[in-house]
Every structure is written in structure tokens, then in C-alpha cells.
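For reference, the chains in residue letters:
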Amino acid sequence: MGKSFIKIAGVYFFLAVILGLVMGIIQNFAFTSVHAHLNLLGWVSMALFGLIYSVYKRAGETSLAKAHFWLHNIGLPIMQGSLFIELLTGNTSLTIGIIIGSLIVILGVILFVLNLFLNLKEA
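Residues numbered from 1 in each chain as written. Predicted model: local features only at pLDDT ≥ 70, side-chain atom pairs only at ≥ 80, totals over all residues. Heavy atoms only, no water.

Caption draft 1: Structural view of the overall build of the protein chain. On a plain count of helices and strands, the protein chain comes out with 5 helices and 0 strands. Sequence-ordered secondary structure for the protein chain, helices as α and strands as β, is α-α-α-α-α. The principal-axis extent of the C-alpha atoms belonging to the protein chain is close to 55 × 30 × 20 Å. Taken across its 123 residues, the protein chain has 37% of its residues classed as buried. Looking at the protein chain alone, contacts between residues at least 24 apart form 73% of all its contacts between residues at least 6 apart. Accessible surface, the protein chain as shown: approximately 7100 Å² in total, 76% of it carbon and sulfur. (Helix = DSSP H or I, 4+ residues; strand = E, 2+ residues; numbered from the N terminus. Buried < 20%, exposed > 50% of the residue type's maximum accessible area, 1.4 Å probe, protein only. Contact = heavy atoms within 4.5 Å. Areas by Shrake-Rupley, 256 points an atom, 1.4 Å probe, with all protein chains shown as cover.)

Structural data, given as C-alpha cells:
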């Protein structure tokens, strides 16, 4: 799972950089929170997950790691897509998408931490 996390981290980094560039060009920074979350939860966190799963291969080969990968990659786009559209349109009915996406990401993070505790044992 390490390589998968690192590859998708690169995609999130690209998206965050493009969003930052567009905001700078148009001088509208309304989407700063989306930009920051794509960088932190997409690029940085996913790259770290990937590196950890690459170093601790046993943890990276578990069903917990696979579930973590999919939960993070389902939750983050739902959360940030909903936030982006809400900021763009002012339609607050999308707050539920932000909440649901956030909860999915949190569940993935819980599985990550559980995976670490179960598979990173002392030699």
C-alpha cells in the first residue's frame, strides 16, 4: 500500500498547487481552506502514510491498510469537493457532505492508528 499512498499523494499535491496558482492569478483566496486541506490531508498525510507503510511492510499489507487507503480517498474528495462547491456557490446545504467526508477520513485515520499498534511490535 505504500506505493499507492505515495502515488495518490502526488496527485493531491498537483491539485493543491494548481488551486493555489489559480487563486494567486485571480487574487481570490476564498478557497484557501480547500488548498490547505488538499496539501495537509492529501499530499503530506498520504505521503507519510505511504512512507510508513513502505518501511513497515507488514502493516502496509494488511486489510486495515487497504481499508484506510479507500476510506481516505473517498472521504477527502467528498469533504473537500463539498467545501469547494459550498464556498463557490454559498449553498450551505452541502455542509452534510463536508461532515460525511470528514467522518470517513477520521474512520480511515482510526484504522491507520489501529494498524500501527497491531503491526509495529517490538522485536
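Caption draft 2: Structural view of a nonpolar patch on the surface. On the surface, W70, I74, I78, I96, I99, I100, L103, I106, L107 and I110 cluster together into a nonpolar patch covering about 940 Å² of accessible area. Elements with a contribution of two residues or more to the nonpolar patch: α4 (63-89) and α5 (95-119). Considering every element that reaches the nonpolar patch, the biggest residue donor is α5, with 7 residues. Looking at the secondary structure, you find I106 in helix α5. Looking at I106, the relative accessible area reads 46%, which means it is partly exposed. (Patch = residues over 30% accessible without salt bridge, like charges linked within 9 Å, V, L, I, M, F, W, Y side chains within 5 Å. Salt bridge = Lys/Arg side-chain N within 4 Å of Asp/Glu carboxyl O.)

Caption draft 3: Structural view of helix α1 (residues 2-26). In a regular helix each residue adds 1.5 Å, so 25 residues correspond to 36 Å; α1 covers 36 Å between its end C-alpha atoms and thus fits that length. Among the residues of α1, those classed as buried are G2, F5, A9, Y12, A16, L19 and M23. Structurally, α1 contributes buried residues whose contacts are with α2 (32-55) and α4. In the segment just after α1, Q27 is the residue with positive phi, at about 55 degrees. (Expected span 1.5 Å × (residues − 1).)

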